[in-house]
Amino acid sequence: MTELFVICETMEVQEEEVRGFVLARQIEGEMKPWPILMTRKGGAFHAYENVCPHAGNRLDTVPGEFLDEEGNFLKCGTHGALFDLETGHCFIGPCKGENLKPIDIVIDDGDICMIDDTLTEEDGLHLHEPDEHPEVMITSD
Ligand code: FES
């Protein structure tokens, strides 16, 4: 049966803010950390894998810091590529023309959820996150 995994409440992702989460998913029988990011623009939520298409790094080299200086675009902290919040499209930087990998999300009763059978509960495989960005335990509805 397909399960709905709650990532966070919609109110936890404010307009033009970005939240990072580290989920864990089962790949070939092994638990692997899976960093994602969630943002909101024009009232719509957008989620992407937190993996820069240039060299595969997390965008937030400082955990939780995803935006450029003006707060308008997602920025890769390693080489400075900029990405559109609504599309994940890179328009400046070494991966110009490429895209962040989008993640399908579902809004369910005030929660932002994912439908993914490979997801499982986060079990400490995450990178360090600061206290103001608490880790998320993935729970099934
Ligand atoms: S790793 Fe992101 S721009 Fe190079």
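Keep in mind it's a predicted model, so treat the numbers as computed, not measured.

## Quick notes on the overall build of the protein
Next, step 1: On a plain count of helices and strands, the protein comes out with zero helices and 12 strands.
Next, step 2: Listing every helix and strand of the protein by position from the N terminus yields β-β-β-β-β-β-β-β-β-β-β-β.
Next, step 3: Counting the 141 residues in the protein, one finds 28% classified as buried.
Next, step 4: For the protein, contacts bridging at least 24 residues in sequence account for 52% of all contacts bridging at least 6.

## Some words on the environment of Glu-15
Next, step 1: Here Glu-15 shows up in the loop between β1 (4–9) and β2 (18–27).
Next, step 2: Overall, the presence of 10 C-beta atoms within 10 Å leaves Glu-15 in the exposed class.
Next, step 3: Sequence-wise, Glu-15 and Ala-44 are 29 residues apart; in three dimensions their C-alpha atoms are separated by 8.6 Å.

## Thoughts on the confidence of the model for the protein
Next, step 1: When pLDDT is averaged across the protein, the result is 86; 82% of the residues are at 70 or more.
Next, step 2: Residue range residues 124–135 is modelled with pLDDT below 50. Its contacts to residues more than four positions away, or to other chains, number 21 contacts.
Next, step 3: Low pLDDT, under 50, characterises residues 137–141; the stretch is placed with 13 contacts to residues that sit more than four places away or in other chains.

## A closer look at the environment of Asp-84
Next, step 1: With respect to the helices, strands and loops of the structure, Asp-84 is situated in the loop between β6 (82–83) and β7 (90–92).
Next, step 2: Through-space distance from the C-alpha of Asp-84 to that of Phe-73 is 5.5 Å; in sequence the pair is 11 residues apart.
Next, step 3: Those residues in contact with Asp-84 that sit more than four places away from it in its chain are Phe-73, His-89 and Phe-91.

## Regarding the sheet that holds β6
Next, step 1: Read across the sheet, three strands follow the order β5-β6-β7 without closing on themselves; strand pairing throughout is antiparallel. Of all the strands in the sheet, just β5 (74–75) and β7 have a single pairing partner and so form its edges.
Next, step 2: As paired strands, β6 and β7 are joined by two bridges and run antiparallel to one another. Considered in β7, the bridge of Leu-82 is made with Ile-92.

## Brief notes about the pairing of strand β10 (residues 111–115)
Next, step 1: Across five bridges, β1 lies against β10 in antiparallel orientation. Within the sheet, the bridge partner assigned to Phe-5 lies in β10 and is Met-114.
Next, step 2: In this structure, strand β9 (residues 106–108) lies alongside β10, joined through three bridges in antiparallel fashion. Residue pairing for β10: Val-106 is matched across the bridge by Cys-113.
Next, step 3: Counted between consecutive antiparallel strands, the loop separating β9 from β10 contains two residues, among which Asp-109 sits at a positive phi close to 55°.

## Regarding the nonpolar core
Next, step 1: Core analysis: the biggest nonpolar cluster contains 26 residues, and Ile-36, Leu-37 and Met-38 have the highest contact counts within it.
Next, step 2: Residues in contact with Ile-36, not counting those within four places in the same chain, are Phe-21, Leu-23, Ala-47, Tyr-48, Glu-49, Asn-50 and Ile-103.

## Brief notes about unusual backbone geometry
Next, step 1: Despite not being glycine, Glu-16 has its phi angle at roughly 60°, a positive value.
Next, step 2: Residue position: Glu-16 is located in the loop between β1 and β2.

## Focus on the environment of Met-38
Next, step 1: Along the chain, Met-38 turns up in strand β3 (residues 30–41).
Next, step 2: Here Met-38 is in contact with Ile-7, Val-13, Arg-19, Phe-21, Phe-45, Ala-47 and Ile-112, once residues within four sequence places are set aside.

Reading the values: rules and limits
- Note on numbering: residues in each chain are counted from 1, in written sequence order.
- Thresholds applied to this predicted model are a pLDDT of at least 70 for local features of residues and 80 or more for the giving and counting of side-chain atom pairs; totals over whole chains, interfaces and linings are not thresholded and use all residues.
- Under the scheme used here, helices are H or I runs from DSSP no shorter than 4 residues and strands are E runs no shorter than 2 residues, and both carry numbers assigned from the N terminus.
- Field definition: a residue is buried when 20 or more other C-beta atoms are found within 10 Å of its C-beta, exposed when 12 or fewer are, and partly exposed for counts in between, with C-beta atoms placed from the backbone.
- Any residue pair is listed as a contact if its two C-beta atoms, each placed from the backbone, are within 7 Å.
- A residue's pLDDT is the predictor's confidence in that residue, given on a scale from 0 to 100.
- Two strands qualify as a pair provided DSSP detects at least 2 bridges between them.
- Note on definitions: a nonpolar core is a set of buried residues drawn from Ala, Val, Leu, Ile, Met, Phe, Trp, Tyr and Cys, linked by C-beta atoms within 7 Å.

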